[in-house]
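Residue strings, one per chain:
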Amino acid sequence: MKKFFKILLLVVAVVLFIGTFVFLYQKSKPEVIEYETYDVQERTLEKTSVLTGDIEPRDEVLVKPQISGVIYELCKQAGEEVKAGEIIAKVKVIPDMQSLSSAESRVRLATINLEQAQVDYQREKKLYDEQLVSADEYDKVRQAYRQAKEELVVANDNYEIAKNGVSRSQAQMSTTLIRSTVNGLILDIPVKVGTSVIMSNSFNDGTTIATVANMGDLIFKGQIDETEVGRVHTGMPMKITVGALQDQSFTATLEYISPKVEAATTSSANKFEIKAAVKMPHGVNIRSGYSANAEIVLDRLTNVLSVPEGAVTYENGRAYVQVLTAATPQTFAKREVKTGVSDGMYIQILSGLKKGEKVRGNQKAQESIQASKGTDEK
């Protein structure tokens, strides 16, 4: 019985030794890396550029007062639609005491002149009725009377304008009523009730009462790098993506390229301003100033041989690929190729490969994938 246990222990020890040896041998063998291969095939390649910018209305109109004073009523708010001629705000005139005093003096003088002209007219009319004066003298006195009445009307109008900013005879054309000059959306009303405003003059642009814009006519305004500006032209289509509306994209047409470079900083290349007309679908609400990206196709090649960008390696300024020569085990041959346009994912092959051949993927990428698989298994 003791002999049996000795033999059993000996057999177990031998099995463990052989198993350990086999395990260590298997671990010491290099792992065969199965490389992913890609077909050389025809594709359509597009070289695109993504530009950053903003969505803005084509024209923003600044509504300014035609008279100085104080805002005493706002009839509209930012975000409301307005039509040309609609009242946005009302201005109360703060009269200038010197102008008001001068206007009052003119009214008093016009009143005195009218009273005297009326006396002269009545006297002359009586003499004319009695045929004691000629018609010519009578007409002159009557004309002077009429002019005196008109002068009083004008004096009163000037007094009302100096005091209230508008006369009764011109109430419909009052400059104290700030009206919109265009149809559109009110983007901003930077004033409040009680704000003092001034009219534009030679020394001042005047106070802005409101900013109005047509939100149905929008443009994309951005900048393009000087290395790419020579490859674009007006009329080119663009794809617009608005940051606040990630699920939607819009089409646009490039319509302006600045002939002058924008001021460059030390940390960036020269940029040129561009503008593109955006086609907005009905019902989409866009706010002025939304940040957006514009994608523009610089080059487009159809039905050209291409491989993934990662399959190409570069040595001493030359491009190479690893071409599959045998599937089992995988065998590759290094071959020089001539490349062309790249769209960031695929690169054009001008020579060195034929349609249907297979090339190896990037070795470092494959090793990284294998390493990640090993980590996951552990």
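Rules and cut-offs
Residues numbered from 1 in each chain as written. Predicted model: local features only at pLDDT ≥ 70, side-chain atom pairs only at ≥ 80, totals over all residues. Heavy atoms only, no water. UniProt positions renumbered as here; feature names shortened; annotations may be inferred. Helix = DSSP H or I, 4+ residues; strand = E, 2+ residues; numbered from the N terminus. Buried < 20%, exposed > 50% of the residue type's maximum accessible area, 1.4 Å probe, protein only. Contact = heavy atoms within 4.5 Å. Areas by Shrake-Rupley, 256 points an atom, 1.4 Å probe, with all protein chains shown as cover. Phe/Tyr/Trp six-rings, centres within 6.5 Å; stacked < 30°, edge-to-face > 60°. Pairing = 2+ DSSP bridges.

Under the Sequence similarities (unreviewed entry) heading, UniProt states for the protein chain: "Belongs to the membrane fusion protein (MFP) (TC 8.A.1) family."

Q: Talk me through the overall build of the protein chain; I want residue IDs and the actual numbers.
A: Helix and strand counts for the protein chain stand at four helices and 20 strands. The 378 residues of the protein chain split such that 29% are buried. For the protein chain, restricting intrachain contacts to residue pairs at least 6 apart in sequence, the fraction spanning at least 24 positions comes to 72%. As presented, the protein chain carries roughly 24,600 Å² of accessible surface, and 52% of it is formed by carbon and sulfur atoms.

Q: Which residues make up the environment of K354, and what values do they have?
A: Tracing the backbone shows K354 in the loop between β19 (346–351) and β20 (358–360). With 313 residues separating them along the chain, K354 and Q41 place their C-alpha atoms 8.3 Å apart. Setting aside residues no more than four positions away along its own chain, K354 makes contact with V40 and L305.

Q: Can you explain the packing of aromatic side chains? Please cite residues and give values.
A: Enumeration according to the criterion identifies four aromatic pairs in this entry. Geometrically, the ring pair formed by Y35 and F332 is edge-to-face, given 5.9 Å between the ring centres and 90° between the ring planes. Residue Y35 is located in the loop between α1 (2–28) and β1 (37–39), and its partner F332 is located in strand β18 (residues 331–342); the two are separated by 297 residues in the primary sequence. In this structure Y35 comes out as buried when scored by relative accessible area, which is 14%.

Q: Give a description of the sheet that holds strand β5 (residues 81–82) that names residues and reports values.
A: What the four strands build is an open sheet, ordered β3-β10-β8-β5; its pairing is antiparallel. Only two strands of the sheet have a single partner each, and these edge strands are β3 (60–63) and β5. Summarising the sheet, strand β8 (residues 184–188) and strand β10 (residues 210–213) pair through three bridges and their orientation is antiparallel. Bridging across to β10, L185 finds its partner in A213.

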